[in-house]
Amino acid sequence: MAAADSGYIGRFAPTPSGYLHFGSLLAALASYLDARQAGGQWLLRIEDLDTPRNLPGADQHILHTLDAFGLHWDGPVIWQSRRLEYYNSLLADWLQRDLAFYCNCSRQDLKPFAGVYPGTCRQRHLPADPSHAIRVRVDGRLIRVSDRLQKPVEVCLSTDPGDFVVRRRDGIIAYQLAVVADDVAQGITDIVRGADLLDSTARQLWLYHLLSAPVPRYLHIPLLLQSDGNKLSKRLGSTPLEANQAPALLFQALHTLAQQPPAELQQAPVKEQLDWAIAHWQPGHLPTAGQFSELFRASH
Ligand code: GLU
């Protein structure tokens, strides 16, 4: 598809460790509606780097399901597993400029520090070794995370989590690196995704800084929680979406996103529902986490 005039480029970036479920439909739908209302492009990227966690066939199932829900993407699908050379070239550059370093600390070594890296290998200048992790250096500045929906937060990465991993000890490129590398390479201007990733955003902004790349706008949609505050149970939230239930589930998703779809759309084909939803998309109506779950329960 030709580049959209609006300049907006959004994306959906699922991890194929499982099939799409209702929670992932909400994230896909919100990012799709935001992009389409802006007259933008909506790209699809399969984040399949954590190979031990990949569920065979899940990527094809995700493509098929999005299609059945009318969530058609622009351009070719990208699989991260085919882009290792690109991520490794960024790592080589950072190592060479001393923005990153090798670290051979084991999980056991780091256990007493409760997730905050104590800087053990920072000045050790360990030689290249494929069995070492690679961490990027952070500093003490405050990083401001701004979001269209969530309250702004300021994060000092050197306090928490410290220099963080961009290539794991098992050689796998870390999510933080790959997601930013590809969002930059694909020119993504707007990231709409679940609030479970809010925590990662400051680290990702640091990587934009290292790449001297312009940062995207963020919109983190609330997480669907059970009434006891826990993440959705398997039964409620993790059952794979059934393509043949697409119209009913799409209506339910629009309702859960507080878009107030008119009742007569309930049985309408997905295309008709999406046309209505693009025209009426109101991100400002997105509920807070508690209301979100209420809306979801009410739609059952
Ligand atoms: N691949 C990530 C996930 O499925 C999402 C990445 C992102 O949207 O930044 O949780």
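Calculation notes
- Note on numbering: residues in each chain are counted from 1, in written sequence order.
- In view of the model being predicted, local features appear only for residues whose pLDDT reaches at least 70, and side-chain atom pairs are presented and counted only at 80 or more, with totals across whole chains, interfaces and linings using the full set of residues.
- Side-chain numbers come from the whole structure's heavy atoms, not from hydrogens or water.
- Numbered from the N terminus, helices here are DSSP runs of H or I no shorter than four residues, and strands are runs of E no shorter than two.
- Each radius of gyration reported is based on C-alpha atoms, and the globular scaling rule is 2.2 Å times the count of residues to the power 0.38.
- Think of it in three bands: with a 1.4 Å probe and only protein chains considered, a residue is buried below 20% of the maximum accessible area for its type, exposed above 50%, and partly exposed in between.
- When checking whether two residues touch, look at their non-hydrogen atoms; a contact exists if any pair is within 4.5 Å.
- For accessible areas, the Shrake-Rupley method is used with a probe of radius 1.4 Å. Any residue's cover is judged against the shown protein chains and nothing else.
- Within this scheme the basic residues Lys and Arg register as positive and the acidic residues Asp and Glu register as negative, but His and the chain ends are omitted.
- We put the charge of a Lys on NZ, of an Arg on CZ, of an Asp on CG and of a Glu on CD.
- When at least one non-hydrogen atom of a residue lies within 4 Å of a molecule or strand, that residue is treated as near it.
- A 3.5 Å cut-off defines polar contacts: any pair of N or O atoms within that distance qualifies, except that in protein one atom must be a possible hydrogen donor and the other a possible acceptor, and neighbouring residues in sequence count only when both atoms are side-chain atoms.
- Residues were grouped as follows: Ala, Val, Leu, Ile, Met, Phe, Trp, Tyr, Cys and Pro as nonpolar; Asp, Glu, Lys and Arg as charged; and all remaining residues, including Gly, as polar.
- When DSSP finds two or more bridges between two strands, those strands count as paired.
- Note on method: axes are straight lines fitted to C-alpha atoms, helices fitted across the in-contact stretch only, with angles between N-to-C directions ranging 0 to 180 degrees.
- For Phe, Tyr and Trp, rings pair up if their centres lie within 6.5 Å, where Trp contributes its six-membered ring, and each pair is then called stacked (planes under 30 degrees apart), edge-to-face (over 60) or tilted (otherwise).

Engineer: Explanation requested: the overall build of the protein chain in the structure shown.
Structural biologist: Across its full length, the protein chain holds 10 helices and 10 strands. Its C-alpha atoms give the protein chain a radius of gyration of 20 Å, within 12% of the compact-globule value 19 Å for 300 residues. Counting only C-alpha atoms and orienting by the principal axes, one finds that the protein chain spans roughly 65 × 45 × 35 Å. Here the protein chain holds 300 residues, and 49% of them are scored as buried. Contacts in the protein chain between residues far apart in sequence, at least 24 positions, make up 76% of those at least 6 positions apart. Carbon and sulfur atoms form 53% of the exposed surface of the protein chain, whose accessible area is close to 14300 Å². The centroid of the 28 positive side-chain charges in the protein chain is displaced by 6 Å from the centroid of its 30 negative side-chain charges.

Engineer: Can you walk me through the site of the ligand in this structure?
Structural biologist: Around the ligand sit Arg-11, Ala-13, Pro-14, Thr-15, Glu-47, Tyr-175, Val-179, Arg-193 and Leu-197, and that is every residue in its neighbourhood. For the ligand, an oxygen atom lies 2.6 Å from a polar atom in the side chain of Arg-11. Here the residues of the shell around the ligand sort into five nonpolar, one polar and three charged.

Engineer: How do you make sense of the sheet that holds strand E4 (residues 100-103) when you look at a structure like this?
Structural biologist: Two strands in a sheet stick together by hydrogen bonds in their backbones, pointing the same way (parallel) or opposite ways (antiparallel). If you trace the three strands from one edge of the open sheet to the other, you get E4-E5-E8, paired in antiparallel fashion. If you trace the sheet from one side to the other, it starts and ends with E4 and strand E8 (164-167), each paired once. Strand-to-strand twist of the sheet, defined as the mean angle between neighbouring strand axes without regard to direction, takes the value 45°. Where strand E5 (residues 133-136) lies against E8, three bridges are found, and the strand directions are antiparallel. Bridge pairing in E8 places Arg-135 opposite Val-165. Against the sheet, helix H3 (residues 84-96) contacts E4, E5 and E8, and its axis sits at roughly 95° relative to E4. Of the strands in this sheet, E5 and E8 touch helix H6 (residues 201-210), which is tilted by about 60° from E8.

Engineer: Can you help me understand helix H9 (residues 270-280) in this one?
Structural biologist: An α-helical turn contains 3.6 residues, so any two residues separated by three or four positions project in the same direction. All of the buried residues in H9 are Val-270, Gln-273, Leu-274, Trp-276, Ala-277 and Ile-278. Elements that come into contact with the buried residues of H9 comprise helix H1 (22-37), helix H2 (58-68) and helix H8 (246-256).

Engineer: Quick question: what am I supposed to make of the sheet that holds strand E2 (residues 41-46) here?
Structural biologist: Reading across the sheet, the three strands line up as E1-E2-E3 and stay open at both edges, with parallel pairing between neighbours. Edge positions in the sheet fall to strand E1 (9-12) and strand E3 (78-79), since each of these pairs with one other strand and no more. In terms of strand pairing, E1 meets E2 through four bridges, oriented parallel. For Phe-12, the partnering residue across the bridge sits in E2 and is Leu-44. Docked against the sheet, H1 engages E1 and E2, running at close to 150° with respect to E2.

Engineer: Please clarify how the environment of Leu-257 should be interpreted in this entry.
Structural biologist: Mapping Leu-257 onto the fold places it in the loop between H8 and H9. Spatially, the C-alpha atoms of Leu-257 and Gly-40 are 20 Å apart, while their sequence positions differ by 217 residues.

Engineer: Can you walk me through the environment of Glu-85 in this structure?
Structural biologist: Relative to the elements of secondary structure, Glu-85 occurs in helix H3. Residue classification places Glu-85 among the exposed residues on the basis of a relative accessible area of 71%. Here the alpha-carbon distance between Glu-85 and Ala-35, two residues 50 residues apart in the chain, equals 29 Å.

Engineer: Before we go on, may I ask you to explain the packing of aromatic side chains in this structure?
Structural biologist: Aromatic rings in a pair are described by how distant their centres are and how their planes are angled relative to each other. For the structure on display, the rule yields four aromatic pairs. A ring pair is formed by Phe-12 and Trp-42, whose centres lie 6.2 Å apart and whose planes are at 10°; its orientation type is stacked. Of the two residues, Phe-12 is situated in strand E1 and Trp-42 in strand E2; the sequence distance between them amounts to 30 residues. Each member of the pair, Phe-12 as well as Trp-42, carries the same accessibility label: buried. Considering the side-chain rings of Phe-101 and Tyr-117, the 6.2 Å spacing of their centres and the 35° angle between planes classify their relative orientation as tilted. A residue pair is termed long-range when its members are at least 10 positions apart, and Phe-101 in strand E4 and Tyr-117 in the loop between helix H4 (107-110) and E5 qualify at 16 residues. Since its relative accessible area comes to 4%, Phe-101 is described here as buried. Each residue in the set Phe-12, Tyr-32 and Trp-42 is aromatic and connected to the rest through ring pairs, giving one cluster.

Engineer: Can you help me understand unusual backbone geometry in this one?
Structural biologist: The phi torsion of most residues other than glycine is negative, and most of the peptide bonds are trans. In this chain, Asp-160 is followed by Pro-161 through a cis amide linkage whose omega measures 10°. For Asp-98, which is not glycine, the phi dihedral falls at a positive 60°. On the basis of relative accessible area, Asp-98 is assigned to the partly exposed category, the value being 35%. Positive phi, close to 45°, is recorded for Ala-114, a residue that is not glycine. Residue placement: Ala-114 occurs in the loop between H4 and E5.

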